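Read off the chains here:
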Amino acid sequence: MAYENIRLETQGAIATLTIDRPKALNALNSKTLQEIESALHSLSPDTRALIVTGGGEKSFVAGADIAEMSTISAAQAREFAAQGHRVLMMLESLPCPTIAAVNGFALGGGCELALACDLIYASEKAKLGLPEVTLGVIPGFGGTQRLTRLVGKMRAKELIFTGGHVSAAQAKEYGLVLEVLPPEKLMEHCRTVAEKLLKNGPLAISQAKRVIEFGADQDLRAANELERQGFAVLFGSEDQREGMKAFLEKRPAGFTGK
Ligand code: CAA
């Protein structure tokens, strides 16, 4: 399918979604969000990892599109936030692991896009932040909630109240980024991580993702119940038989996702 503001490429079981609107530093307008949504819908069920990155040299995504937002009404803003929430929730709910390759500015909606991915790696030249208050608004694509859950309430307040940009190294210190790579190594690193994941049982990874995501917002007893269910359900899979048999036969497992 032809898109205007994004690219979706697939190499084997690894898909790469590039937000590619460099003239606006890949800012997310409604059309770009629509395109991301249809790209996520179009992913093959055989996709086992998705890498999300930004096109051009400078930016991952520099936020929601300020020009588009500048004249909208409160009702339209609510709709725009709902669209952002829907698309990022869809990204977060994909059964396969998702990896944000933060290659430059990840600000506002861009930082929120990264936060909806399972793993975040950044280039040394990346800058992250939620500068919405500098525009007289607050994050609207889940940033107040996902950032708080990831780095804690006080750090999230500091980042959101100041609206400042932080370096990739600082973001790593805050637990917002896993690793910081030289720019030319970032994509290679993300692919290597994705390839490592391909070796493991895809149903097990999806189940782990589901249990972590749903469990994180529950009390420990309810969350452990989810874990028990997820654990048990995998014992009905061919992958569980194969994984354990392969271990006992001292050979690598050949998982089929069944
Ligand atoms: N929306 C629309 N256009 C944007 C944009 C955005 N978020 N960010 C950058 N652009 C555009 C600029 O307007 C500029 O366009 P022109 O060439 O037509 O003037 C082009 O991209 C290049 O940007 P700059 O000239 O500003 O580049 P710079 O290197 O000097 O600065 C920057 C880079 C620091 C990222 C700066 O562009 C910037 O501060 N951008 C806005 C970041 C921001 O505030 N993001 C949050 C948006 S609000 C939000 O996201 C709400 C939400 O949660 C849903």
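Right above here is the structure, for reference.
A short tour of the structure in this document, coming up. (Residues numbered from 1 in each chain as written. Predicted model: local features only at pLDDT ≥ 70, side-chain atom pairs only at ≥ 80, totals over all residues. Heavy atoms only, no water.)

1. A look at the site of the ligand
How we decide: Nearness here has a simple test: a residue counts as near a molecule or strand if at least one of its heavy atoms is within 4 Å of that partner. Distance and chemistry together define a polar contact, namely a pair of N or O atoms within 3.5 Å, with one atom able to donate a hydrogen and the other to accept it when in protein, and with adjacent residues in sequence counting only for side-chain atoms on both sides. The Shrake-Rupley method, run with a 1.4 Å probe sphere, supplies the accessible areas, and residue values consider only the shown protein chains as cover. Secondary structure counts use DSSP, requiring at least four H or I residues in a row for a helix and at least two E residues in a row for a strand, with both numbered from the N terminus. Polar here means any residue other than Ala, Val, Leu, Ile, Met, Phe, Trp, Tyr, Cys and Pro, which are nonpolar, and Asp, Glu, Lys and Arg, which are charged; Gly is therefore polar.
For the ligand, the set of nearby residues contains 23 residues, the closest of which are Lys58, Ala64, Gly109, Glu112 and Glu132. Between the ligand and Ala62 there is a distance of 2.9 Å, counted from a nitrogen atom to a backbone nitrogen or oxygen. For the ligand, an oxygen atom lies 2.6 Å from a polar atom in the side chain of Glu132. Here the ligand loses 62% of its free accessible area of 980 Å² to cover by the protein chains. Where the shell around the ligand is concerned, the elements lending two or more residues are α2 (66-69), β6 (105-107) and α4 (109-115). Its residues assigned to classes, the shell around the ligand comprises 13 nonpolar, five polar and five charged.

2. Some thoughts on the packing of aromatic side chains
As a reminder, the rule being used: Note on ring pairs: Phe, Tyr and Trp rings are taken, using the six-membered ring of Trp, and paired if centres are within 6.5 Å. Classes follow the plane angle, with under 30 degrees stacked, over 60 edge-to-face and the rest tilted. A 1.4 Å probe rolled over the protein chains alone gives each residue an accessible area, and that area as a share of the maximum for its type sets the label: buried under 20%, exposed over 50%, partly exposed in between.
The final tally for this structure, using the stated rule, is two aromatic pairs. With centroids separated by 5.2 Å and ring planes inclined at 65°, the aromatic side chains of Phe80 and Phe141 adopt a geometry described as edge-to-face. Here Phe80 is found in helix α3 (residues 74-92), whereas its partner Phe141 is found in the loop between β8 (127-129) and α5 (143-151), with 61 residues between them in sequence. Ring plane angle 55° and centroid distance 5.0 Å describe the contact between Phe231 and Phe235, whose orientation is recorded as tilted. With a relative accessible area of 56%, Phe231 lands in the exposed category. The class for Phe235 is partly exposed, based on a relative accessible area of 32%.

3. Considering the layout of surface pockets
We apply this condition: Note on definitions: the grid is 1 Å and covers protein atoms alone; a cavity is a set of points where a 1.4 Å probe fits but cannot get out; a pocket is an open set with protein on both sides within 12 Å along at least five of seven lines; lining residues have an atom within 4 Å of a point. Grid points are joined across faces, edges and corners, and a volume is the space filled by probe spheres set on the points. As used throughout, domain bounds are those supplied by an automatic or database domain assignment.
Its volume calculated, the largest pocket comes out at about 1,000 Å³. Lining the largest pocket are 33 residues, and of these Glu92, Leu115, Cys117, Asp118 and Glu213 sit closest to its centre. When contributions to the lining of the largest pocket are tallied by element, the ones reaching two or more residues are α3, β7 (119-123), α5 and α9 (202-216). When residues in the lining of the largest pocket are grouped by element, the largest group, nine residues, is from α9. For the lining of the largest pocket, the per-class residue count stands at 19 nonpolar, six polar and eight charged. Domain assignment of the residues forming the lining of the largest pocket places at least three in each of domain 1 (6-198) and domain 2 (202-248). In this structure, the second largest pocket is lined by 24 residues; those nearest its centre are Ala64, Met69, Glu132, Val137 and Ile138. Of all elements in the fold, only α2, α3 and α4 reach the threshold of two or more residues within the lining of the second largest pocket.

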